[in-house]
Amino acid sequence: MEVEQVEIREHLRRFLPFSRLTGDWLDTIARAVEITYFRAGSSILSLGTEISDLHYIRSGAVEITRRDGELYNRLGEGEIFGQLGLMTGIPVRFPVRALEDALIYYIPGDLFRKLFDEFEDFADFVEVEDRTRMRQASTSLSGANELMLTRVSQMINRPAPVINKSATIQAVAAQMAEEEVSSILVIDAPPSKVETRHKARPDRRTIAGIITDSDVISRVVANGLPLDTPAIDVMTPEPITVQDDQFLFNALLIMLRANVHHLPVMRRNQLVGVIDMADIVSHETRNSLFIVRNILQKDDVDSLSRMLPDVEACFVRMVNEDASSHMIGSAMSTIGRSFKQRLLELAEEALGPPPVPYCFLALGSMARDEQFLYTDQDNGIVLDDAFDPDLHDEYFASLSRFVCDGLANVGYRYCSGDIMATNPRWRKPLKDWKERFRRWIGNPRPEALLHSSIFFDLDGVHGQVRLADQLKSEIAEVASSSQSFLGCLAQNAQKRTPPLGFFKNFVLERGGRHANSINLKRRGTAPLVDVIRVHALASASESQNSFNRLEDTIAAGFLTPSMGGDLRDALEFISIIRARHQSFNIENRRKPDNNIDPEILSAFDRRNLKDAFGVLANAQKFLKFRYRPNRGT
Amino acid sequence: MIFSKSTAAPGNLVDIPEWPIRFRELTDTAITPSIREFYAAGVVSGDTPARQVPFVAVDFETTGLNCREHSIVSIGLVPFSLDRIQCHGCRHWLVRPRREIDPGTIPIHHITHSDLESAPDLGGILDELLGCMAGRIAVVHFRSIERRFLDQALKVRLNEGLEFPVVDTMELEARLHRRPTGFFAWLFARHRVSIRLSDSRMRYNLPLYRPHHAPTDALATAELLQAQFAHWYKPDTPIRELWI
């Protein structure tokens, strides 16, 4: 009687991608396998060999090297190699030898191809060169929540109601009633024919403002304005908008942040509709939104600090609901901003109104909308140029002290590098900030820039946000034209390299060293963010968020869509693993950190992480030849 | 290494026949057709380098150790060469013993009465078994079992025994670990190295398998021979230095 080897089948069953196969297929493979023993040090695949089987490591370990002898990878029990040669028919390019005594199973090429054709899971797993595996891994992570999956465009089922700015407020109210809408956009366009008013898509420049039903009540009726008051006198000018490819979740965050209930929806520069909070409230996962609302209602630092468990719970819940890292990052950053905003309001209540206009800055991850739990507080203040240190600095010093102490109380550690508004260096008038950025950009030194990259992720949180916006535009404009600055930044962005991958329960480092754990922030997300920042600054993007920066960079032609896509997937995947790890820490009442022990990673995660590290390593190499520090001006 | 491989010879060297000649003699004298075919398939010459030899790893599970009292209950085999073990040729038979199975051995090989009730007598699978072994050199771990039990079982059924060369992986281990005499023997007597199948495999970092399952033990034996070659023998060692 012909039989399959039980030991072979049961071993395959424990490892991906075979663990996904049915018992019949496992029997078929176990019957077809051929086996060879290799003594440690002996060659398994030498350069130029034709590959006719998939290689599976039953026991022991192998080492794959580049032609020049540099270590490429180490693989252990249950891992496979040779699939690339099988798929492409190209003879062995990276030789393989046994690192330890190894028992290798050969799975015949024909059978491999049959599995590859028959099972999508199997094909996904072994596909090496393109990054679809990683991409699928990160999209399949976001499965659950509709609010996080539904894009704004899906909520738009009618064109935005618009009215010319010369119309009277009575005409506005009449049109609202007729169309049964709660808001109307006021447009500044040459009067066009009435019948085209819905068909023409006004672009951004023509949107003068927005009037909502509550504006009619609070601004017109409550103040007893005449019915022929022009719309332009009642509207909220230059309304905040949302792009139609954003998720509903992001739209809600924007609404909460700006305290509005209606957002004009744009497709690039064209108006495509309006989204109303009431429309989407039924989708709402209220958690993080309620936290923001609660924060803004608290009256002292103590009650704010009591919200910490809610914030943690919200983070854990988002991770469990498979939110994307972008969503988690925005939610946590919005919560962080709300803490800052509320603390500043409380400070202003205690100290009186500010003597000169100012803008409180978020720096680093909060500015990028990529904050997770328990990060350092990195902040600063831009003051109006009317600022006179002798007269005004005492006020802002006290304000900063209040806010930074408050932040420390609600879980944001003091910045170890003292990049905080309490430090007089980072509490300066706009002209000084501009001057500082000009110096960094115009006269770049790599060491100095190493500590100041955080300032290139900057966002206004409270006060005169335009001050921060001016800085952003200035940076975007100047940085893109300074090759030596970009070169220095690129050089710094290559400093923190990723590991090669994993081997057994170790992190495999370049040169073959093993480490017990990996800091996913320092070795993964942070260097990715660095790389993306260089490209974004080169393409004069004003975006701060890394995903948005990638889009801008691709649009500007500085990265191909496939390179950009790889970077996005790599960042998403590493970030999500990091988020899951922190969530796990919290659920087990441990302090969340970024250090991952490979032992807890599944084979699936390890492979994807390894791919993501590969993307990062390639992107760093690409920087090296794209931006040279000593070229040009 | 302190062991010299080429001169290492088993103690009972004088008993080893010149197998190709012996097979030709037996082809002429064998009566049973399947046995005659087995001999007619011949055997590689003693000079053949091991890497060119077709092997078949064979394992029997028996009801005890004495071939006159006990019976074969399970046979597993897997064909292989030093290059590759071919699992697609793996075979497994349960055979009904002539005597009642001793309940005490069930925990060892996990084979129960009901498993064996529907199994054929060894005579029923003999043609197939000999077909799988023909032309190949049998590899076993502890030769006293397979060769003696098969010989005895055939004598009982056909009045005709069976002779064939085997490579015994246990004996190869013994050559490495038990050969020295005098001072070394004294030393090894105190630190006697186990040459049981699973202990031998561990020395070569081969994985742990569930023991006493005939096809698994056959596979384990094939892997062990590959490992012994990878560590101690040149692949062009003449087969006559190994078979017995």
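Heads up: these notes are all about the structure in this document.

1. A short note on the overall build of chain B
Next, step 1: Helix and strand counts for chain B come out as 10 helices and 6 strands.
Next, step 2: In chain B, which comprises 244 residues, the share counted as buried stands at 55%.
Next, step 3: Considering only contacts within chain B whose residues lie at least 6 apart along the sequence, 70% involve residues at least 24 apart.
Next, step 4: Only carbon and sulfur atoms are counted for the fraction: they give 53% of the accessible area of chain B, which is about 11300 Å².

2. Topic: the overall build of chain A
Next, step 1: Counting secondary structure elements, chain A contains 25 helices and 24 strands.
Next, step 2: By the burial criterion, 57% of the 633 residues in chain A qualify as buried.
Next, step 3: Excluding contacts between residues fewer than 6 apart, the proportion of contacts in chain A whose partners are at least 24 apart in sequence is 73%.

3. Quick look at the side chain of Asp-168 of chain B
Residues and elements named next belong to chain B.
Next, step 1: One can find Asp-168 in strand 6 (residues 166-168).
Next, step 2: According to the relative accessible area criterion, Asp-168 is buried, its value standing at 1%.
Next, step 3: Reaching out from Asp-168, the side chain makes a polar contact with the backbone nitrogen of Phe-142 at a distance of 2.8 Å.
Next, step 4: From its side chain, Asp-168 meets the backbone nitrogen of Met-170 in a polar contact 2.8 Å long.

4. Examining the sheet that holds strand 21 (residues 506-508) of chain A
What links the strands of a sheet is backbone hydrogen bonding, and the strands pair in either a parallel or an antiparallel sense.
Residues and elements named next belong to chain A.
Next, step 1: Reading across the sheet, the 3 strands line up as 20-21-22 and stay open at both edges, with antiparallel pairing between neighbours. Both outer strands of the open sheet, strand 20 (501-503) and strand 22 (514-515), are each paired with one neighbouring strand and no more.
Next, step 2: Bridge count for strand 21 against strand 22 is 2 bridges, and the pairing is antiparallel. Bridge assignment links Leu-508 to a residue of strand 22, and that residue is His-514.

5. Some remarks on the pattern of salt bridges
Next, step 1: Applying the stated rule across the entire model yields 44 salt bridges over all chains.
Next, step 2: Residues Arg-113 of chain A and Asp-110 of chain A are paired through a salt bridge, measuring 3.6 Å at the closest nitrogen-oxygen approach. One end of the pair, Arg-113 of chain A, and the other, Asp-110 of chain A, are both in helix 4 (residues 109-118), 3 residues apart, so they sit about a helical turn from each other.
Next, step 3: The exposure class of Asp-110 of chain A is exposed, given its relative accessible area of 59%.
Next, step 4: Two residues, Arg-203 of chain B and Glu-173 of chain B, come together in a salt bridge whose shortest N-O distance is 2.8 Å.

6. Topic: the packing of aromatic side chains
Next, step 1: Evaluation of the coordinates by the stated rule reveals 28 aromatic pairs over all chains.
Next, step 2: Taken together, a centroid distance of 4.5 Å and an interplanar angle of 40° make the contact between Trp-426 of chain A and Phe-455 of chain A tilted. Separated by 29 residues along the polypeptide, Trp-426 of chain A in the loop between helix 17 (389-409) and strand 18 (427-429) and Phe-455 of chain A in the loop between helix 19 (446-450) and strand 19 (458-463) bring together distant segments of the chain.
Next, step 3: Look at Phe-455 of chain A and you get buried, because its relative accessible area is 1%.
Next, step 4: When the ring of Trp-433 of chain A is compared with that of Phe-455 of chain A, the centres are 6.0 Å apart and the planes differ by 55°; the resulting orientation is tilted. One end of the pair, Trp-433 of chain A, is in helix 18 (residues 430-442); the other, Phe-455 of chain A, is in the loop between helix 19 and strand 19, and 22 residues separate them in sequence.
Next, step 5: Counting every residue linked through ring pairs, the aromatic cluster contains Trp-426, Trp-433, Phe-437, Trp-440, Phe-455, Phe-456 and Phe-485 of chain A.
Next, step 6: In this arrangement the basic side chain of Arg-84 of chain B is found over the ring face of Tyr-106 of chain A, its NZ or CZ atom lying 3.4 Å from the centre.
Next, step 7: Positioned above the aromatic ring of Tyr-209 of chain B, the side-chain terminus of Arg-201 of chain B is 4.4 Å from the ring centre.

7. Describing the interface of chain B and chain A
Next, step 1: On the side of chain A, 23 residues touch chain B, which itself brings 27 residues to the contact.
Next, step 2: Counting the surface lost from both chain B and chain A, the interface buries some 2200 Å², and carbon and sulfur atoms represent 49% of this.
Next, step 3: Inspection of the region where chain B meets chain A yields 2 salt bridges.
Next, step 4: As a salt-bridge pair, Arg-84 of chain B and Asp-53 of chain A come within 3.4 Å of each other at their nearest N and O atoms.

8. Remarks on the nonpolar core
One broad trend across soluble globular proteins is that nonpolar side chains are buried collectively.
Next, step 1: By size, the foremost hydrophobic cluster in this structure holds 115 residues, and its most contacted members are Phe-18 and Phe-81 of chain A together with Phe-55, Met-133 and Val-167 of chain B.
Next, step 2: Grouped together as the second largest cluster of nonpolar side chains are 62 residues, Cys-415, Leu-467, Ala-493 and Ala-612 of chain A included.

9. Considerations on the side chain of Ser-546 of chain A
Next, step 1: Tracing the sequence through the fold places Ser-546 of chain A in helix 23 (residues 546-555).
Next, step 2: If we skip the residues at most four places from it in the chain, Ser-546 of chain A touches Arg-368, Glu-370, Val-529, Ile-532 and Leu-571 of chain A.

10. A closer look at the sheet that holds strand 15 (residues 270-276) of chain A
Residues and elements named next belong to chain A.
Next, step 1: Here we have 3 strands laid out as an open sheet, ordered 13-14-15, and mixed in their pairing. Both outer strands of the open sheet, strand 13 (242-243) and strand 15, are each paired with one neighbouring strand and no more.
Next, step 2: Pairing of strand 14 (residues 262-267) with strand 15 involves 6 bridges; the strand directions are antiparallel. Across the sheet, the residue bridging to Arg-267 is Gln-270, located in strand 15.

11. With respect to the pairing of strand 10 (residues 183-187) of chain A
Along any regular strand the residues' side chains alternate between the sheet's two faces.
Residue and element names in this part refer to chain A.
Next, step 1: In terms of burial, strand 10 is largely enclosed, as 5 of its 5 residues are buried.
Next, step 2: Each parallel crossover has a hand, and for strand 9 (residues 162-164) linked through helix 8 (residues 169-179) to strand 10 it is right-handed.
Next, step 3: As paired strands, strand 10 and strand 11 (residues 207-212) are joined by 5 bridges and run antiparallel to one another. Following the sheet pairing, Leu-185 is matched in strand 11 by Ile-210.

12. So, the environment of Asp-47 of chain B
All names here are of chain B.
Next, step 1: Relative to the elements of secondary structure, Asp-47 occurs in the loop between helix 2 (33-40) and strand 1 (55-62).
Next, step 2: Separated by 190 residues in the primary sequence, Asp-47 and Thr-237 place their C-alpha atoms 8.4 Å from one another.
Next, step 3: Apart from residues no more than four positions distant in its own chain, Asp-47 is found in contact with Pro-238 and Arg-240.
Next, step 4: A distance of 2.5 Å separates polar atoms of two side chains, one belonging to Asp-47 and the other to Arg-240.

13. What to know about helix 20 (residues 465-480) of chain A
All names here are of chain A.
Next, step 1: Look at helix 20: 23 Å from first C-alpha to last across 16 residues, which is about the 22 Å you get at 1.5 Å a residue.
Next, step 2: Looking at helix 20, one finds that the buried residues are Leu-467, Ala-468, Leu-471, Lys-472, Glu-474, Ile-475, Ala-476 and Ala-479.
Next, step 3: Those residues of helix 20 that are buried lie in contact with strand 16 (358-363), strand 17 (379-383), helix 18, strand 19, helix 21 (483-493) and helix 22 (521-538).

14. Section: the environment of Ile-518 of chain A
Residue and element names in this part refer to chain A.
Next, step 1: As for its placement among the helices and strands, Ile-518 is situated in strand 23 (residues 518-519).
Next, step 2: Along the sequence, Ile-518 and Asp-597 sit 79 residues apart, while their C-alpha atoms lie 6.7 Å from each other.
Next, step 3: Setting aside its immediate chain neighbours within four residues, Ile-518 contacts Pro-499, Phe-502, Val-507, Arg-523, Asn-594, Asn-595, Ile-596 and Phe-613.

15. Structural notes on the packing of helix 22 of chain A against helix 24 (residues 561-587) of chain A
All names here are of chain A.
Next, step 1: Two elements in contact, helix 22 and helix 24, have axes whose closest approach is 10 Å; the angle formed by their N-to-C orientations is 145°. When you trace helix 22 past helix 24, the crossing you get is left-handed. Listed contacts from helix 24 to Lys-521, Gly-524, Thr-525, Leu-528, Val-529 and Ile-532 of helix 22 are Leu-567, Ala-570, Leu-571, Ile-574, Ser-575 and Arg-578.
Next, step 2: Of the residues contributing to the contact of helix 22 with helix 24, the split by class is 7 nonpolar, 3 polar and 2 charged.

16. Side note on helix 21 of chain A
Next, step 1: When you tally the buried positions in helix 21 of chain A, you get 9 out of 11 residues, the bulk of the element.
Next, step 2: Summarising the contacts, the buried residues of helix 21 of chain A are in contact with helix 18, helix 19, helix 20, helix 22 and helix 25 (603-626) of chain A.

Definitions and limits used
- Residues numbered from 1 in each chain as written.
- Chains lettered and ligands numbered in written order.
- Predicted model: local features only at pLDDT ≥ 70, side-chain atom pairs only at ≥ 80, totals over all residues.
- Heavy atoms only, no water.
- Helix = DSSP H or I, 4+ residues; strand = E, 2+ residues; numbered from the N terminus.
- Buried < 20%, exposed > 50% of the residue type's maximum accessible area, 1.4 Å probe, protein only.
- Contact = heavy atoms within 4.5 Å.
- Areas by Shrake-Rupley, 256 points an atom, 1.4 Å probe, with all protein chains shown as cover.
- Polar contact = N/O pair within 3.5 Å; in protein donor to acceptor, adjacent residues only side chain to side chain.
- Pairing = 2+ DSSP bridges.
- Salt bridge = Lys/Arg side-chain N within 4 Å of Asp/Glu carboxyl O.
- Phe/Tyr/Trp six-rings, centres within 6.5 Å; stacked < 30°, edge-to-face > 60°.
- Lys NZ or Arg CZ within 6 Å of the ring centre and 35° of its normal.
- Buried area = accessible area lost by both parts, 1.4 Å probe.
- Core = buried A, V, L, I, M, F, W, Y, C linked by side-chain atoms within 4.5 Å.
- Right-handed = clockwise from strand over helix to strand, strands pointing away.
- Expected span 1.5 Å × (residues − 1).
- Axes fitted to C-alpha atoms, helices over the stretch in contact; angles between N-to-C directions.
- Left-handed = near helix turned anticlockwise from the far one by under 90°.
- Nonpolar A, V, L, I, M, F, W, Y, C, P; charged D, E, K, R; others polar.

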